Amino acid sequence: MNGLSAFLLPRGVILTRARRFSSVSTERLEFDKFGIPTEVIQLKREETKFNLKSGEVLVRFLASPVNPADINTIQGTYPIKPTLPGVGGGEGVAEVLETKGSKLEPGDWVLPGLAMSGTWRTHGVYEEGNLIKIRNDISVESAATLMINPATALRMLEDFIPLRAGDWIVQNGANSAVGLAVIEIAKIKNLKTINVVRNRENIDELKAQMKRMGADEVLTEEEARRAWRELPRPRLALNCVGGASGTELCKALGEDGVHVTYGGMSLKPVIAATSHMIFKNISLRGFWLSRWYKEQGMNKTRLKMISQLTDMIAAKDLSPPPLNPIPFNQFKPALETTLKGFKGAKFIFKM
Ligand SMILES: NC(=O)c1ccc[n+]([C@@H]2O[C@H](COP(=O)([O-])OP(=O)(O)OC[C@H]3O[C@@H](n4cnc5c(N)ncnc54)[C@H](OP(=O)(O)O)[C@@H]3O)[C@@H](O)[C@H]2O)c1
């Protein structure tokens, strides 16, 4: 029997809450200074003995993805700076192993509620109030990747402009995890999407895959530049690229359209043409999910949104992005390529 197995009390009662574990083998990807991720991240392995305080929960992570913001956080360029030494990772799904004075039960699935809480770890101890319980009948991959990218997609579709069935939206970086979630959530809402991606060798395959997910139009940046006049005028534009690609979305927008920047993958500033601002009255806005989460705390709106997303997943209307599963000891390629283009799939640590 290993340290994680329930042990029998003298009268044969199986203790499921507040079990005393002997030491457990744990792993985490830790950094003790900000810098180039492949240079500062180290795999730490140790035997850990957990002794919970009241209100604490011991969890075992099942999977945690590698998102662009995780890399920026380790670089020290993200507005959220964990105290050092820090553990990488901003989202993931974990299974409850042990609780003390908590309503959570062993076997429950939870998401960490705090931003950049360090999810690239096998085990963690959290206060109950910082965990969000989710249904555990969905795939581990969907659960591990829902809290940041699909949540961003949903908020941007709901919070900027009232959209009605049949309205069009336009987005660049449309093959990103956020972009794919936008396509699927827009389909649920009967919205139409124009999706702009960069050209590549397997462009037809990518277009077909995105259309199967519900994309109405998928265009390369070159095709989009020539097609705006013939396309319907969207009311909302979602920009995760910046530079010329962001400017093109202003061109695509209709009168009074709203242009929302949520990422800057090209590292270039957002520039709007004077004429689009004056004659079409477009607005340039920004969105940051961490701010939205901070404003909400753990209120009902936030919990409702998470269960809305898990229900979409259970109904097979929302799928995880293409993923490349890796163990912790193969972290280097994930750190090297996450901010580079044309990676095809997002890395995810499977524990
Ligand atoms: N504001 C927020 O609250 C919030 C929340 C979530 C995500 N984000 C941001 O949204 C963006 C997408 O995140 P994600 O996790 O969905 O991304 P992802 O799945 O890792 O995909 C990255 C996307 O960026 C594109 N890309 C990479 N390098 C590029 C470049 N130099 N020029 C143009 N496009 C490039 C990729 O296109 P190719 O396939 O063509 O390379 C792909 O579409 C990131 O900037 C992320 O930080 C922001």
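Residues numbered from 1 in each chain as written. Predicted model: local features only at pLDDT ≥ 70, side-chain atom pairs only at ≥ 80, totals over all residues. Heavy atoms only, no water.

Draft legend 1. Region of interest: the overall build of the protein. When helices and strands are counted, the protein shows 12 helices and 16 strands. By the compact-globule yardstick of 20 Å for 351 residues, the protein fits well, its C-alpha radius of gyration being 22 Å. With respect to the principal axes defined by its C-alpha atoms, the protein has extents near 80 × 40 × 35 Å. Going through the 351 residues of the protein one by one, you find that 51% of them count as buried. (Helix = DSSP H or I, 4+ residues; strand = E, 2+ residues; numbered from the N terminus. Rg over C-alpha atoms; globule rule 2.2 N^0.38 Å. Buried < 20%, exposed > 50% of the residue type's maximum accessible area, 1.4 Å probe, protein only.)

Draft legend 2. View of the site of the ligand. Residues in contact with the ligand amount to 26 residues; listed here are only the nearest, N175, L289, F342, K343 and K346. Between a nitrogen atom of the ligand and a main-chain N or O atom of F287, the distance comes to 2.8 Å. Interatomic distance of 2.7 Å between a side-chain N/O atom of K346 and an oxygen atom of the ligand. Among the elements of the structure, α4 (149–159) and α5 (177–188) are those that each provide at least two residues to the shell around the ligand. For the shell around the ligand, a count of residues per class yields 12 nonpolar, 10 polar and 4 charged. (Near = heavy atom within 4 Å. Polar contact = N/O pair within 3.5 Å; in protein donor to acceptor, adjacent residues only side chain to side chain. Nonpolar A, V, L, I, M, F, W, Y, C, P; charged D, E, K, R; others polar.)

Draft legend 3. Local environment of the confidence of the model for the protein. For the protein, the average pLDDT comes to 94, and 94% of its residues sit at 70 or higher. Contacts for the low-pLDDT stretch residues 1–17, under 50 throughout, to residues beyond four places or in other chains number 26 contacts. (pLDDT = per-residue confidence, 0-100. Contact = heavy atoms within 4.5 Å.)

Draft legend 4. Inspection of the domain arrangement of the protein at higher detail. Under the domain assignment, the protein is made up of domain 1 (24–145 + 320–350) and domain 2 (149–290). Placing the centre of domain 1 and that of domain 2 at their C-alpha centroids yields a distance of 30 Å. With 14 residues of domain 1 in contact, the opposing surface of domain 2 contributes 11 residues. The tally of links from domain 1 across to domain 2 stands at 0 salt bridges. Counting across the domain 1 and domain 2 interface gives 2 residue pairs in polar contact (both at pLDDT 80 or more). (Domains from an automatic or database assignment. Salt bridge = Lys/Arg side-chain N within 4 Å of Asp/Glu carboxyl O.)

Draft legend 5. Expanded view of unusual backbone geometry. Across the junction of L84 and P85, the peptide omega takes the value -5 degrees, indicating a cis bond. Its location among the elements puts P85 in the loop between α2 (68–75) and β4 (86–87). Despite not being glycine, M116 has its phi angle at roughly 45 degrees, a positive value. Residue classification places M116 among the buried residues on the basis of a relative accessible area of 13%. At D256, a position not held by glycine, the phi torsion is positive, near 60 degrees. Locating D256 in the fold gives a position in the loop between α8 (243–252) and β13 (258–261). With a relative accessible area of 44%, D256 lands in the partly exposed category.

Draft legend 6. Expanded view of the packing of α4 against α5. Running from N to C, α4 and α5 cross one another at 55 degrees; their axes reach a closest spacing of 8 Å. The pairing of α4 with α5 is recorded here as oblique in orientation. The interaxial crossing formed by α4 with α5 has right-handed handedness. Here α4 contributes N149, P150, T152, A153, L154, M156 and L157 to the contact with α5, which in turn contributes A177, V178, A181, V182, I185 and A186. (Axes fitted to C-alpha atoms, helices over the stretch in contact; angles between N-to-C directions. Parallel < 35°, antiparallel > 145°, perpendicular 65-115°, else oblique. Left-handed = near helix turned anticlockwise from the far one by under 90°.)

Draft legend 7. Quick peek at the pattern of salt bridges. All told, the structure shown has 17 salt bridges when counted by the stated rule. Here E30 and R28 are joined by a salt bridge, their closest N and O atoms 2.6 Å apart. The pair E30 / R28 is uniform in exposure class, with both members buried. We note a salt bridge from R135 to D311, for which the minimum N-O separation is 2.8 Å. With R135 in the loop between β8 (131–134) and α3 (140–144) and D311 in helix α11 (residues 300–314), the pair connects residues that are 176 residues apart, well separated along the chain. Under the relative-accessibility criterion, D311 is labelled partly exposed at 40%. One salt-bridge network, in which partners are shared between bridges, spans R28, E30, K44 and E46.

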